Amino acid sequence: MTFYYVWFALFAIIAYFILTDNSVARAFYMLSQLTRVQYEKTKWWILHNPANPIVKYLMWRRAMKLAKEIESEILNKNKS
């Protein structure tokens, strides 16, 4: 139970500094934005990295779908 009081005291001190000092509030805001951007950058890289086998499959599937559409358009154009 004492451990919870330590966490509470830590966050209370941080909140006090954020509420009383504008530079600390600005630094806290900038750090939260930096954390958010780094998370989004990492997430984008994981979802779009060509070395990822799932992404490779999705790219292959999209390319095959486009190839079939183009092939059917060419065949229909040749019949006309």
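Up top is the structure these notes are about.
Cut-offs and rules
Residues numbered from 1 in each chain as written. Predicted model: local features only at pLDDT ≥ 70, side-chain atom pairs only at ≥ 80, totals over all residues. Heavy atoms only, no water. Helix = DSSP H or I, 4+ residues; strand = E, 2+ residues; numbered from the N terminus. Rg over C-alpha atoms; globule rule 2.2 N^0.38 Å. Areas by Shrake-Rupley, 256 points an atom, 1.4 Å probe, with all protein chains shown as cover. Lys, Arg positive; Asp, Glu negative; His and termini not counted. Charge placed at Lys NZ, Arg CZ, Asp CG, Glu CD. Axes fitted to C-alpha atoms, helices over the stretch in contact; angles between N-to-C directions. Parallel < 35°, antiparallel > 145°, perpendicular 65-115°, else oblique. Contact = heavy atoms within 4.5 Å. Nonpolar A, V, L, I, M, F, W, Y, C, P; charged D, E, K, R; others polar. Salt bridge = Lys/Arg side-chain N within 4 Å of Asp/Glu carboxyl O. Buried < 20%, exposed > 50% of the residue type's maximum accessible area, 1.4 Å probe, protein only. Phe/Tyr/Trp six-rings, centres within 6.5 Å; stacked < 30°, edge-to-face > 60°. Patch = residues over 30% accessible without salt bridge, like charges linked within 9 Å, V, L, I, M, F, W, Y side chains within 5 Å.

A.B. asks: Teacher, can you tell me more about the overall build of the protein chain here?
C.D. replies: Scanning the protein chain from N- to C-terminus turns up three helices and zero strands. Taken from the N to the C terminus, the helices and strands of the protein chain come in the order α-α-α. Against the 2.2 N^0.38 benchmark of 12 Å for 80 residues, the protein chain shows a C-alpha radius of gyration of 26 Å, more extended than a compact globule. The principal-axis extents of the C-alpha atoms in the protein chain amount to approximately 80 × 30 × 20 Å. Roughly 7800 Å² of accessible area belongs to the protein chain as shown, and the carbon and sulfur atoms make up 70% of that amount. Counting 11 positive and 5 negative side-chain charges, the protein chain places the centres of these two groups 4 Å from one another.

A.B. asks: Explain the packing of helix 1 (residues 2-20) against helix 2 (residues 22-48) here, please?
C.D. replies: In helix packing, the relevant descriptors are the interaxial angle and the interaxial distance, both defined with respect to the helix axes. In the contact formed by helix 1 and helix 2, the axes pass within 5 Å of each other and the chain directions differ by 110°. As judged from the angle between their axes, helix 1 and helix 2 are roughly perpendicular. For the pair helix 1 and helix 2, the contacting residues are Phe 17, Ile 18 and Thr 20 in the first and Asn 22, Val 24, Ala 25 and Phe 28 in the second. Of the residues belonging to the contact of helix 1 with helix 2, the class tally is five nonpolar, two polar and no charged.

A.B. asks: Looking at this model, I keep getting lost on the pattern of salt bridges. Mind explaining?
C.D. replies: Pairs may arise between side chains of opposite charge once their charged atoms sit close together. Under the counting rule described, the total for this entry stands at one salt bridge. With a shortest N-O distance of 3.0 Å, Arg 36 and Glu 40 are connected by a salt bridge. On the criterion of helical spacing, the pair formed by Arg 36 and Glu 40 is a turn pair, its members being four residues apart in helix 2. Exposure remark for Arg 36: the relative accessible area of 40% places this residue in the partly exposed category. The partly exposed category is assigned to Glu 40, whose relative accessible area is 41%.

A.B. asks: Just checking my understanding: could you explain the packing of aromatic side chains for this structure?
C.D. replies: Considering all chains together, one arrives at five aromatic pairs under this definition. Their ring planes at 25° and their centres at 5.9 Å tell us that Trp 7 and Phe 11 sit as a pair that is stacked. One end of the pair, Trp 7, and the other, Phe 11, are both in helix 1, four residues apart, so they sit about a helical turn from each other. Linked through ring pairs, Phe 3, Trp 7 and Phe 11 together constitute an aromatic cluster.

A.B. asks: Just to check I follow, could you spell out a nonpolar patch on the surface for this structure?
C.D. replies: The grouping of Phe 3, Trp 7, Leu 10, Phe 11 and Ile 14 at the surface amounts to a nonpolar patch, some 520 Å² of accessible area in total. For Phe 3, the location among the structural elements is in helix 1. What makes Phe 3 exposed here is its relative accessible area of 55%.

Purely geometric stuff here, so don't read any function into it on its own.
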